[in-house]
Amino acid sequence: MPAADTIAEVADQLFAAIESSDTAAVGRLWSDDIAVWRVGASRDRDKARALRVIDWFVGATSERRYEILDRVLFDGGFVQQHILHAAGRSGVSIAMRVCIVIKVGANGLISRIDEYFDPAELAPLLR
């Protein structure tokens, strides 16, 4: 299992990369065999498909900011509650409450993501 400071560093790097539109950095933080699940999905996504979602989100928004409400580390990962604030390129804004469970492998790469949020809160970005 990775050390707690490694897990916290991976968490900080992940959210900072998304905030700064650095999708390549996101990809470097994920293991090649990562499994990503979000509420409403019938199955896990692989790395390529999950990165396409990140690319879409970064492309659909001009600004992103994570307001971290709580983060709890556990052996091999962390649980975080946050509000994702984002400004869409069309001028709309969202503030979406999210709970995310992330597992980090012994190699320091993210191996699994389970994300819980109300998908309807993304609707303004789809217009």
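This report concerns the structure included in the present document. (Residues numbered from 1 in each chain as written. Predicted model: local features only at pLDDT ≥ 70, side-chain atom pairs only at ≥ 80, totals over all residues. Heavy atoms only, no water.)

## A closer look at helix α3 (residues 47–60)
Here comes step 1: Taking 1.5 Å per residue, 14 residues should reach 20 Å; α3 reaches 20 Å between its end C-alpha atoms and fits that length.
Here comes step 2: Here α3 has its buried residues at Lys47, Ala50, Leu51, Ile54, Phe57, Val58 and Ala60.
Here comes step 3: Contacts from the buried residues of α3 go to α1 (4–19), α2 (23–29), β1 (30–38), β2 (61–74) and β3 (77–88). (Helix = DSSP H or I, 4+ residues; strand = E, 2+ residues; numbered from the N terminus. Expected span 1.5 Å × (residues − 1). Buried < 20%, exposed > 50% of the residue type's maximum accessible area, 1.4 Å probe, protein only. Contact = heavy atoms within 4.5 Å.)

## Remarks on the pairing of strand β5 (residues 110–116)
Here comes step 1: Relative to β5, β1 is paired through five bridges, and the arrangement is parallel. Residue pairing across strands places Arg38 opposite Glu115, the latter belonging to β5.
Here comes step 2: Of the pairings in the sheet, the one linking strand β4 (residues 93–104) to β5 comprises six bridges and is antiparallel in character. Across the sheet, Ile102 pairs through a bridge with Ile113, a residue of β5. (Pairing = 2+ DSSP bridges.)

## Looking at the pattern of salt bridges
Here comes step 1: What the rule picks out here adds up to four salt bridges.
Here comes step 2: Asp12 is paired through a salt bridge with Arg71; the nearest N and O atoms lie 2.8 Å apart. In this pair, Asp12 sits in helix α1 while Arg71 sits in strand β2, placing the two residues 59 residues apart along the sequence.
Here comes step 3: The partner of Lys47 in a salt bridge is Asp32, and the shortest N-O contact between them spans 3.2 Å. Placement of the pair is Lys47 in helix α3 and Asp32 in strand β1, with a sequence separation of 15 residues.
Here comes step 4: According to the relative accessible area criterion, Lys47 is buried, its value standing at 16%.
Here comes step 5: Look at the salt bridges and you will find they share partners, linking Asp44, Arg112 and Asp114 into a network. (Salt bridge = Lys/Arg side-chain N within 4 Å of Asp/Glu carboxyl O.)

## Considerations on the packing of aromatic side chains
Here comes step 1: Tallied over the full model, the rule gives four aromatic pairs.
Here comes step 2: Chaining the aromatic ring pairs together yields one cluster made of Phe15, Tyr66 and Phe78. (Phe/Tyr/Trp six-rings, centres within 6.5 Å; stacked < 30°, edge-to-face > 60°.)

## Re α1
Here comes step 1: Here α1 spans 23 Å end to end across 16 residues, near enough to the 22 Å set by a 1.5 Å rise per residue.
Here comes step 2: Within α1 the residues assigned to the buried category are Ile7, Val10, Ala11, Leu14, Phe15, Ala17 and Ile18. Angular distribution of buried residues about the axis of α1 spans 155 degrees; they occupy a single face of the element.
Here comes step 3: Two residues or fewer after α1 comes Ser21, characterised by a positive phi angle close to 65 degrees. (Arc of directions from axis to C-beta.)

## Description of unusual backbone geometry
Here comes step 1: Non-glycine residue Ser21 carries a positive phi angle of around 65 degrees.
Here comes step 2: Following the sequence through the fold, Ser21 ends up in the loop between α1 and α2.
Here comes step 3: Of the residues examined, Ser21 reaches a relative accessible area of 35% and is grouped as partly exposed.

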